[in-house]
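Listed below are the residues making up each chain.
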Amino acid sequence: MENYKGEIWVSQPDDKQDSIFRRGEIIEKVKDTENSTIYKVKLKDNDELVDADLKNIHKANPIRFDGYDDMASLTYLNEPSILNNLKVRYQDDKIYTHSGLFLVTVNPYKKINIYNSDFITLYSANEKKCNQPHIFGTAQKAFDSLIKNKKDQSILVTGESGAGKTENTKRVIQYILSVATNVENKQSAAVLENQILQANPILESFGNATTVRNLNSSRFGKFVKIQIDSSNSQLVGAHVDYYLLEKSRVIFQDSNERNYHVFYQLLKGAPLDLLERLHLNNKSLNQYEYLKSGLTTPVGNIDDKKEFQNLINAFKIMSFDDEEVLNIFKVLAIILHLGNIKFKNSLNDTKQAVLLDESNETIDKVALLLGVSSQEFRKSFLNSKIK
């Protein structure tokens, strides 16, 4: 650092002991021992002079490189330089940034009009494809490699909760479906495209939930396969594999989180006659043990009633018949009712559980929905079996 004349970043702890980085320049070395080297640094934002240990000093790129499209091209690729570059781009609503082969995304937490048909045309135009960082650009590269090399291609979408994995996955699907459709197969492809897109509302209803950090957090892993005929670049099919569902959320949630969306959609959006068939009512979510530990009041901009209608439409597009849909809702109702079954120890035998009086009615409801004998169902809870 002694002969370095450029600007630097200084790491300083904030009130929460997290590191924040401030731009400055080295004035002089003030201390040099076996354990530490201290420099006098002049901060750029307020001309304050501070002492900084060498381990907390990082070289900064010239300001003209702020907001660079590809961070791999930066001279200094350290933590503050990366964060500053992403921040500058984020402030200009440029949420995508290249880093070599990787595409880095920062969740804007607002709607940005960068996914319409004009952008699809911009990135898919054969004469001169746009090279600005965008999820469409990544999808186009994978599509081109698939057609050219006739080998499977993969796009890995990863990040922490709330990073935007679900939304970007949907954008990849949107783009591939658009570029894999032409005039010849437009009609048949439109049906398949609609089914692929409408599978997502079903997966989100049953696999997504509100968490502390994300209103629509996927609580499962997802592997989407889109099948393209490389000979003519046409869409021919799709398949979704899911895994690692967070099953514990079904019976308990943190006080600032929710169960899976579908339970609230059913209770808030289903017509009264359907709720009556399921022996449910929507007077209060607090009446259900599997829901009341979490949030039971409206959350953010989530409209459970509207999402229920989207779910019904998705079921229809995916060719679920009325009986299949009803059976799915029966399973959901059974889960909610099972949570309300309560037990106590018998007065004469502390090892033998008995049902609380108010649970007898719930047992009857569940047995009716399952289509089994209420008496036999009750026995299955209270009588142990030796296998």
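Note that this is a predicted model, so its numbers are computed, not measured. (Residues numbered from 1 in each chain as written. Predicted model: local features only at pLDDT ≥ 70, side-chain atom pairs only at ≥ 80, totals over all residues. Heavy atoms only, no water.)

### Re the overall build of the chain
Okay, step 1: Across its full length, the chain holds twelve helices and 13 strands.
Okay, step 2: For 387 residues, the compact-globule estimate of 2.2 N^0.38 gives 21 Å, and the chain exceeds it by more than 25% at 28 Å.
Okay, step 3: Counting only C-alpha atoms and orienting by the principal axes, one finds that the chain spans roughly 85 × 65 × 40 Å.
Okay, step 4: Within the chain, buried positions represent 36% of all 387 residues. (Helix = DSSP H or I, 4+ residues; strand = E, 2+ residues; numbered from the N terminus. Rg over C-alpha atoms; globule rule 2.2 N^0.38 Å. Buried < 20%, exposed > 50% of the residue type's maximum accessible area, 1.4 Å probe, protein only.)

### Side note on unusual backbone geometry
Okay, step 1: Despite not being glycine, Asp 93 shows a phi value in the positive range, around 60 degrees.
Okay, step 2: Tracing the sequence through the fold places Asp 93 in the loop between α1 (79-91) and β6 (96-99).
Okay, step 3: Phi at His 279 is positive, roughly 60 degrees, even though this residue is not glycine.
Okay, step 4: Position of His 279 relative to the elements: it lies in the loop between α7 (272-277) and α8 (289-292).
Okay, step 5: Residue His 279 is classed as partly exposed on the basis of its relative accessible area, which comes to 28%.

### Side note on the pattern of salt bridges
Okay, step 1: Using the criterion set out here, one finds 21 salt bridges in the structure.
Okay, step 2: Notably, a salt bridge pairs Lys 29 with Asp 32, separated by 3.2 Å at the nearest N-O pair.
Okay, step 3: Between Arg 89 and Asp 69 there is a salt bridge, and its shortest N-O distance comes to 2.7 Å. Taken together, the residues span a long stretch of sequence, with Arg 89 in helix α1 and Asp 69 in the loop between β5 (57-59) and α1 at a distance of 20 residues.
Okay, step 4: The buried category is assigned to Arg 89, whose relative accessible area is 3%.
Okay, step 5: Linked through salt bridges whose partners overlap, the residues forming this network are Glu 7, Arg 23, Lys 44 and Asp 66. (Salt bridge = Lys/Arg side-chain N within 4 Å of Asp/Glu carboxyl O.)

### Points about the nonpolar core
Across soluble globular proteins, you tend to see nonpolar side chains buried next to one another.
Okay, step 1: Ranked by size, the top nonpolar core spans 36 residues in total, and within it Phe 263, Leu 266, Leu 274, Leu 278, Leu 280, Leu 291 and Phe 329 carry the most contacts.
Okay, step 2: Core analysis: the next-biggest nonpolar cluster, separate from the first, contains 22 residues, Tyr 115, Phe 143, Val 179 and Ala 180 among them. (Core = buried A, V, L, I, M, F, W, Y, C linked by side-chain atoms within 4.5 Å.)

### Some thoughts on helix α10 (residues 322-338)
Okay, step 1: For α10, which comprises 17 residues, the first-to-last C-alpha distance of 24 Å matches the rise-based estimate of 24 Å (1.5 Å per residue) to within 8%.
Okay, step 2: Of the positions making up α10, those classed as buried are Val 325, Leu 326, Phe 329, Leu 332, Ala 333, Ile 334, Leu 336 and His 337.
Okay, step 3: Measuring from the side-chain oxygen of the N-cap residue of α10 to the backbone nitrogen of Glu 323 gives 3.2 Å; that N-cap residue is Asp 321. (Expected span 1.5 Å × (residues − 1). Polar contact = N/O pair within 3.5 Å; in protein donor to acceptor, adjacent residues only side chain to side chain.)

### Here's the deal with the pairing of strand β7 (residues 102-105)
Okay, step 1: By the bridge criterion, four bridges tie β6 to β7 in an arrangement that is antiparallel. When the bridges of β7 are listed, Thr 97 appears paired with Val 104.
Okay, step 2: The turn linking β6 back onto β7 is made up of two residues, and Gly 100 within it adopts a positive phi angle of 70 degrees. (Pairing = 2+ DSSP bridges.)

### Thoughts on the environment of Leu 54
Okay, step 1: Looking at the secondary structure, you find Leu 54 in the loop between β4 (49-53) and β5.
Okay, step 2: Since its relative accessible area comes to 33%, Leu 54 is described here as partly exposed.

### Digging into the pairing of strand β10 (residues 221-229)
Okay, step 1: In the sheet, β10 pairs with strand β11 (residues 234-243) via nine bridges, with the strands oriented antiparallel. In the sheet register, Gln 227 faces β11, and the bridge partner there is Gly 237.
Okay, step 2: Hairpin remark: β10 followed by β11, antiparallel, with four residues in the connecting loop; positive phi at Ser 233, about 60 degrees.

### Here we look at the packing of helix α9 (residues 304-317) against α10
Okay, step 1: Direction vectors running N to C along α9 and α10 enclose 135 degrees, while the axes themselves pass 10 Å from each other. Taken together, α9 and α10 sit at an angle that is classed as oblique. Crossing geometry of α9 relative to α10 is assigned as right-handed. Counting all contacts with α9, which are made through Phe 308, Leu 311, Ile 312 and Phe 315, the residues of α10 involved are Val 325, Ile 328 and Phe 329.
Okay, step 2: Classifying every residue of the contact of α9 with α10 gives seven nonpolar, no polar and no charged. (Axes fitted to C-alpha atoms, helices over the stretch in contact; angles between N-to-C directions. Parallel < 35°, antiparallel > 145°, perpendicular 65-115°, else oblique. Left-handed = near helix turned anticlockwise from the far one by under 90°. Contact = heavy atoms within 4.5 Å. Nonpolar A, V, L, I, M, F, W, Y, C, P; charged D, E, K, R; others polar.)

### Examining the packing of aromatic side chains
Each aromatic ring pair is described using two quantities: the centre-to-centre distance and the angle formed by the ring planes.
Okay, step 1: In this structure the tally under the stated criterion is nine aromatic pairs.
Okay, step 2: Ring centres of Phe 65 and Tyr 68 lie 5.7 Å apart, and the angle between their planes is 75 degrees; this geometry places the pair in the edge-to-face category.
Okay, step 3: Given a relative accessible area of 23%, Phe 65 falls into the partly exposed group.
Okay, step 4: The class of Tyr 68 is partly exposed, set by a relative accessible area of 34%.
Okay, step 5: Between Phe 315 and Phe 329, the aromatic rings sit 6.3 Å apart at their centres with planes inclined by 75 degrees, giving edge-to-face as the arrangement. Here Phe 315 is found in helix α9, whereas its partner Phe 329 is found in helix α10, with 14 residues between them in sequence.
Okay, step 6: Note on Phe 315: relative accessible area 1%, which makes it buried.
Okay, step 7: Sitting over the face of the ring of Tyr 115, Arg 171 holds its NZ or CZ atom 4.2 Å from the ring centroid.
Okay, step 8: Lying across the ring of Tyr 264, Arg 258 places its NZ or CZ 4.0 Å from the centre. (Phe/Tyr/Trp six-rings, centres within 6.5 Å; stacked < 30°, edge-to-face > 60°. Lys NZ or Arg CZ within 6 Å of the ring centre and 35° of its normal.)

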